[in-house]
Amino acid sequence: MRIELPKAVERFGSVRFGELQRVFELDSGLANGANASREQPIRQVPYEELSEIHKRTAIVVPIKGERLKLVEGVLCGIPHPCLIIMVSNSPTRPVDRFHLEADVLRDFCTFTGKHALLVHQKDPILTTAFEQAGYKEILNRQGRIRDGKAEGMLIGTLLASLAGKDYVGFVDADNYFPGAVEEYIREYAAGFAISRSDYSMVRIAWHSKPKIVESKLFFRKWGRTSSRTNEFLNRLISHYTGFDTEVIKTGNAGEHALTMELANTIGYSAGYSIEPNHLIDLLERFGGVIEPPAKSRIKDQVEVYQIESRNPHLHEAGDQEHIREMSYQALSVVYHSRICPPKLKTELRREAVTRGFIEKGTEPTKPHYFPSLNGIDRDRFRASIESTPYGRMAEEEAESRHRVS
């Protein structure tokens, strides 16, 4: 891949936000013995380097009742060296969708020779594992794992860590273009290749979202939800820097990846708020505005890369309630940030009332938060799932990585 370095950066404490980066070539060829300079404004990341990073990467695919043909396409787009971790929260009655997903994944692995982990979010063994490992925040009042995409992402991240992977990335299961999935994961690797920090995040900005307007395809750049989320995050940063900024372009980026060091360090929030909350947590934890949870971490620089894809993004169209909920949760996570200034809170509350999210005189609902995965007892968690297929697979992956090292 040939990709430009960020033309400018916005620094917020120890966090370094790069401006949107362009991709010049999806495949820039082999290195042929040449060593690319890190100082070049346009960096070639050769195939060998991408492949080596893919070997150390797990791709988590949260799934809940998506069409099986779409799931097949998404699996097809994941580069071969990556470990696939599919976390399902699909219904098992009246039709066992999870069984059908397992069948699709089994056939895919048979024909491709790939390894993959499959787990259901409501697996009782998984529930026991979290309880015994001291991570009860993921459980609901009935003592089962909560519903939600964020919870599935947490499960996938922990399994990726147990499998010994250095990077974890996420792709949605409803993407119509397998080529777009492949591009996102190659861009994750390219971002990590140009990074200088063990605490890095790569977020994808879609090139466009096609929709049919008057019987023709119209390639829309930004949706209203994304625009508003980006605006609120940028205004939060501007309040503290004193300079207006538009650096955040990926506030709702479902397609993103993290180094395992960062994935284990940051906090999480439930539902659709998880994507903007990743950025909020970085500002709170590394920004120097408030006391960080771990004082030693404030000295570590965090790098956030935002890469604009070349493929258009076409996924299953969500209904209006889905879009409203995503907008509301993004607004809520900014509103309840510990560093959100009073003036911005007032404007967010007014926005929530205007859009019918809340009644006048009330506040947006506070998201459910999850602590850092660094606090979980991994030995107990591993022991609890060792009898399961996904537990054995994670152990085999970790042992394989150890032998290679």
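All values derive from a computational prediction rather than experimental measurement.

1. Notes on helix α5 (residues 149–162)
Thought 1: Here α5 is 14 residues long and its end C-alpha atoms lie 20 Å apart, about the 20 Å a rise of 1.5 Å per residue gives.
Thought 2: Positioned one or two residues after α5, glycine 164 has a phi angle of 80°, which is positive.

2. With respect to the sheet that holds strand β13 (residues 256–259)
Thought 1: Strand order across the open sheet formed by nine strands is β2-β3-β15-β10-β13-β9-β6-β7-β8, with mixed pairing between neighbours. In this open sheet, the two strands that pair with only one neighbour each are β2 (9–12) and β8 (116–120). When strand polarity is set aside, the average angle formed by the axes of neighbouring strands in this sheet is 15°.
Thought 2: Across five bridges, strand β7 (residues 83–88) lies against β8 in parallel orientation. Residue pairing across strands places valine 87 opposite valine 119, the latter belonging to β8.

3. Some words on the packing of aromatic side chains
Thought 1: A complete count under the given rule lists six aromatic pairs for this structure.
Thought 2: Ring centres of phenylalanine 12 and tyrosine 240 lie 5.9 Å apart, and the angle between their planes is 85°; on these two criteria the pair is classed as edge-to-face. Placement of phenylalanine 12 in strand β2 and of tyrosine 240 in helix α7 (residues 224–241) is noted, with a sequence separation of 228 residues between them.
Thought 3: The class of tyrosine 240 is partly exposed, set by a relative accessible area of 33%.
Thought 4: Centroid distance phenylalanine 130 to tyrosine 135: 6.0 Å. Interplanar angle 45°. Geometry classified as tilted.
Thought 5: Under the relative-accessibility criterion, phenylalanine 130 is labelled buried at 1%.
Thought 6: By relative accessible area, tyrosine 135 is classed as buried at 2%.
Thought 7: Within the aromatic cluster, the residues linked to one another by ring pairs are Phe130, Tyr135 and Phe381.
Thought 8: We note arginine 22 situated over the ring of phenylalanine 24; from NZ or CZ to the ring centre the distance is 4.9 Å.

Here is what the cut-offs are and how they apply
- Residues numbered from 1 in each chain as written.
- Predicted model: local features only at pLDDT ≥ 70, side-chain atom pairs only at ≥ 80, totals over all residues.
- Heavy atoms only, no water.
- Helix = DSSP H or I, 4+ residues; strand = E, 2+ residues; numbered from the N terminus.
- Expected span 1.5 Å × (residues − 1).
- Pairing = 2+ DSSP bridges.
- Axes fitted to C-alpha atoms, helices over the stretch in contact; angles between N-to-C directions.
- Phe/Tyr/Trp six-rings, centres within 6.5 Å; stacked < 30°, edge-to-face > 60°.
- Buried < 20%, exposed > 50% of the residue type's maximum accessible area, 1.4 Å probe, protein only.
- Lys NZ or Arg CZ within 6 Å of the ring centre and 35° of its normal.

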